[in-house]
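Single-letter residue listing:
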Amino acid sequence: MYLPPHDPHVDDPMRFKPLFRIHLMERKCATVECMYGHKGPHNGHIQIVKKDEFSTKCNQTDHHRMSGGRQEEFRTWLREEWGRTLEDIFHEHMQELILMKFIYTSQYDNCLTYRRIYLPPSSPDDLIKPGLFKGTYGSHGLEIVMLSFHGKKAKGTKITGDPNIPAGQQTVEIDLAHPLQLPDIETLRDFSELSRIVLEVQEQVRREEQEEEQWQEEEDRSQQAAAQPAAKPLGGEGAEGEETAAGAEGTTQNKAPASQPFVLPMGVISRNEDYPRTCRICFYGTGLIAGHGFTSPERTPGVFVLFDDDRFGFIWLELKSFSLYSRIKVSFQNAEAPSREAFDEMLKNIQSLAT
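Since this is a predicted model, take the numbers as computed values, not measurements.

Some words on the overall build of the protein chain
Counting secondary structure elements, the protein chain contains six helices and 18 strands. Counting over 355 residues, the protein chain shows a buried share of 38%. Sequence separation of 24 or more characterises 53% of the internal contacts of the protein chain that already satisfy a separation of 6 or more. For the protein chain, the accessible surface area stands at approximately 20,300 Å², while carbon and sulfur atoms represent 51% of it.

Examining the packing of aromatic side chains
Within the structure shown, the criterion is met by 18 aromatic pairs. Taking the centre distance of 4.8 Å and the plane angle of 10° together, the rings of F54 and Y114 count as stacked. Taken together, the positions of F54 in strand β6 (residues 53-58) and Y114 in strand β7 (residues 111-115) put the pair 60 residues apart, joining distant regions of the chain. For the residue pair F54 and Y114, the accessibility class agrees, reading buried in each case. Members of the aromatic cluster, joined through ring pairs, are F133, Y137, F283, F304, F312, F314, W316 and Y325. When the ring centre of Y137 is taken as origin, the NZ or CZ atom of K158, which lies over that ring, is 4.5 Å away. Taking NZ or CZ as reference, R277 lies 3.8 Å from the ring centre of Y275, over its face.

A closer look at a negative patch on the surface
A surface patch of negative charge is lined by E208, E209, E211, E212, E213, E217 and E218. Residue placement: E218 occurs in helix α4 (residues 191-225). E218 gets classed as partly exposed once you look at its relative accessible area, which sits at 43%.

Thoughts on the confidence of the model for the protein chain
Looking at the protein chain as a whole, the pLDDT averages 83, with 83% of positions reaching at least 70. Every residue in residues 230-255 is under pLDDT 50, and counting partners more than four places away or in other chains gives 19 contacts.

Considerations on the sheet that holds β6
Read from one edge of the open sheet, five strands run β3-β4-β5-β6-β7, paired in antiparallel fashion. On the outer flanks of this sheet lie β3 (20-24) and β7, each paired with one strand and no other. Shown here is a sheet whose adjacent strand axes are inclined to one another by a mean of 35°, direction ignored. Two strands pair when backbone bridges link them, and β3 and strand β4 (residues 30-34) are joined in this way by five bridges, in the antiparallel orientation. Bridging across to β4, H23 finds its partner in T31.

Conventions and cut-offs
Residues numbered from 1 in each chain as written. Predicted model: local features only at pLDDT ≥ 70, side-chain atom pairs only at ≥ 80, totals over all residues. Heavy atoms only, no water. Helix = DSSP H or I, 4+ residues; strand = E, 2+ residues; numbered from the N terminus. Buried < 20%, exposed > 50% of the residue type's maximum accessible area, 1.4 Å probe, protein only. Contact = heavy atoms within 4.5 Å. Areas by Shrake-Rupley, 256 points an atom, 1.4 Å probe, with all protein chains shown as cover. Phe/Tyr/Trp six-rings, centres within 6.5 Å; stacked < 30°, edge-to-face > 60°. Lys NZ or Arg CZ within 6 Å of the ring centre and 35° of its normal. Patch = residues over 30% accessible without salt bridge, like charges linked within 9 Å, V, L, I, M, F, W, Y side chains within 5 Å. Salt bridge = Lys/Arg side-chain N within 4 Å of Asp/Glu carboxyl O. Lys, Arg positive; Asp, Glu negative; His and termini not counted. Charge placed at Lys NZ, Arg CZ, Asp CG, Glu CD. pLDDT = per-residue confidence, 0-100. Pairing = 2+ DSSP bridges. Axes fitted to C-alpha atoms, helices over the stretch in contact; angles between N-to-C directions.

Given below as structure tokens:
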């Protein structure tokens, strides 16, 4: 398992922790050992669930328990997960969230399911190279997000989740067709000024979406009413419009300055004060927020800030919060780990032995 660095140090390397290992013996015999806990390797089981998915189960969960009970287990987990003790965390809400995460994760320490992650394709037209990033999420600590590009949109999908927004949800969406022109540094320090700029763009996006819907409805009616595909020229117009917009978007990005001064507005909370003080370009975007248990989810306006090829940020306007993201550069392959093909073959052998 690759754990993110301790909050809020997003630029630190990932931490490596073995969870299970497989011993292949002669005569097609294999044993599985669970590495979870602090008492050394012990008996485990592995099973293929479906394509790109398998599960492990511990057969000796007593090896996961500590002599000091749940309190000792929680304190040990807290040091490993957060690099601090409970006494170091003074914020009551943060203590509550950390305890919730411990209770949730400890429920599944004896049976884990693994799914293969397919990294998004890369295109020369992408703003930066897509991939996995470590990001700060306030009291939730560091989480892993996958950045991908989809035409005029970029998406950040959670690989790891929290009690509010679970894994698999789209945490941020960036509108690459709507770059933001930030004011000078002194004006940028005023949160109300940044809020005004963002909300104006939000209203512009809303109007454009309404116009697009109306145009689509008119085109649909024209196609239904015409005996022949008379709506084809209209469709061609739309295609040209898209090409023009895409071209304008590319021009905007190409004309963006190499760097411009950047500072967080007063009142915006950041877990990491070491964020870059210059950025390349900013875009309008939305971020997903919700209550505990993913209740009442809604997309709220924000600012995507591109710092360089390996770092970006997102200002959550409604939360007055800032998330800093840093690219994960680890190759995800231990020196003794098998290749993907060898590992797949290993799983098949174990499955055939089990049946």
